[in-house]
Amino acid sequence: MEMNKTTFRLFITLSLLSVLIAISYSAVKDYQYPDLIQQFLDTSENVLTWLDWISLVATLIAFCANISLLFFSNIGRFIYVICIPFTLIVPGLSNETVITNQIEDLLFGIDTLMTGFIIALCYFSSASDYFQQAK
């Protein structure tokens, strides 16, 4: 199947929407945790570590690079592929406890699948030709 520019841009837009929905839900969720977990969350300190800052910067750069994919930017594609591993691996290196619910896990799972799909489209579909032409 031939991947035209409109379809590719639709997938990029869906990817951007999935990450925005996942982050928005994480920020505003009003989920009632069991009492013991809620007490832990209330008493724990929320201090950002240097790994959190690296992850945040990589996420912002990857988000901007994702937007540049709408314009078939070759450098944006390269930056996107370089930053994505940082956004996925660096948070796991942290020593802190992270508590999520099923909806949050589902949303971030969809975002991760969309990210892999976008990378595959960028390099292994006919859409990769558009990046070569954009030079």
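Read on for a plain summary of the structure.

The first and last C-alpha atoms of helix α4 (residues 74–93) sit 30 Å apart over 20 residues, in line with the 28 Å expected at 1.5 Å per residue. Taken residue by residue, α4 has G76, R77, Y80, C83, I84, T87 and V90 as its buried positions.

The computed volume of the largest pocket comes to approximately 1,800 Å³. The wall of the largest pocket is formed by 40 residues, among which S26, P91, V98, E104 and F108 lie closest to the centre. Looking at the lining of the largest pocket, the elements that each hand over two or more residues are α1 (5–28), α2 (35–43), α3 (50–69), α4 and α5 (102–124).

Core analysis: the largest hydrophobic core is formed by 18 residues, its most contacted members being F8, I12, L69, Y80, I118, C122 and F131. Looking at this core, the elements with two or more residues in it are α1, α3, α4, α5 and α6 (128–133). Beyond its immediate chain neighbours, meaning those up to four positions away, F131 contacts F8, L69, F72, S73, N74, R77 and C122.

So, on to the environment of S68. With respect to the helices and strands, S68 occurs in helix α3. Since its relative accessible area comes to 16%, S68 is described here as buried. Placed 12 residues apart in sequence, S68 and Y80 show a C-alpha to C-alpha distance of 9.1 Å. Excluding residues that lie within four positions of it along the chain, S68 makes contacts with S73 and G76.

For α3, which comprises 20 residues, the first-to-last C-alpha distance of 29 Å matches the rise-based estimate of 28 Å (1.5 Å per residue) to within 8%. The complete set of buried residues in α3 reads L51, D52, S55, A58, A62, A65, N66, S68 and L69. Buried residues belonging to α3 abut α1, α4, α5 and α6.

Attention now moves to the packing of aromatic side chains. Within this structure, the stated rule accounts for five aromatic pairs. On the basis of an interplanar angle of 70° and a centroid distance of 5.4 Å, the ring pair of F72 and F131 is categorised as edge-to-face. Taken together, the residues F72 in the loop between α3 and α4 and F131 in helix α6 connect sequence positions 59 residues apart. An aromatic cluster of at least three residues, connected via ring pairs, comprises F8, F72, Y130 and F131. Lying across the ring of Y123, R77 places its NZ or CZ 4.4 Å from the centre.

With that settled, the discussion passes to the state of the cysteines. This structure, assessed with the given rule, holds zero disulfides. Cysteine C64 is unpaired, with the sulfur of C83 as its nearest cysteine sulfur at 9.6 Å. Classification of C64 as exposed rests on a relative accessible area of 52%. Free of any disulfide, C122 has its nearest cysteine sulfur in C83, 14 Å distant. By relative accessible area, C122 is classed as buried at 1%.

Basis of the calculations
- Residues numbered from 1 in each chain as written.
- Predicted model: local features only at pLDDT ≥ 70, side-chain atom pairs only at ≥ 80, totals over all residues.
- Heavy atoms only, no water.
- Helix = DSSP H or I, 4+ residues; strand = E, 2+ residues; numbered from the N terminus.
- Expected span 1.5 Å × (residues − 1).
- Buried < 20%, exposed > 50% of the residue type's maximum accessible area, 1.4 Å probe, protein only.
- 1 Å grid on protein atoms, 1.4 Å probe; cavity = no way out; pocket = protein on both sides within 12 Å on 5 of 7 lines; lining within 4 Å.
- Points joined across faces, edges and corners; volume = space filled by probe spheres on them.
- Core = buried A, V, L, I, M, F, W, Y, C linked by side-chain atoms within 4.5 Å.
- Contact = heavy atoms within 4.5 Å.
- Phe/Tyr/Trp six-rings, centres within 6.5 Å; stacked < 30°, edge-to-face > 60°.
- Lys NZ or Arg CZ within 6 Å of the ring centre and 35° of its normal.
- Disulfide = S-S within 2.5 Å.

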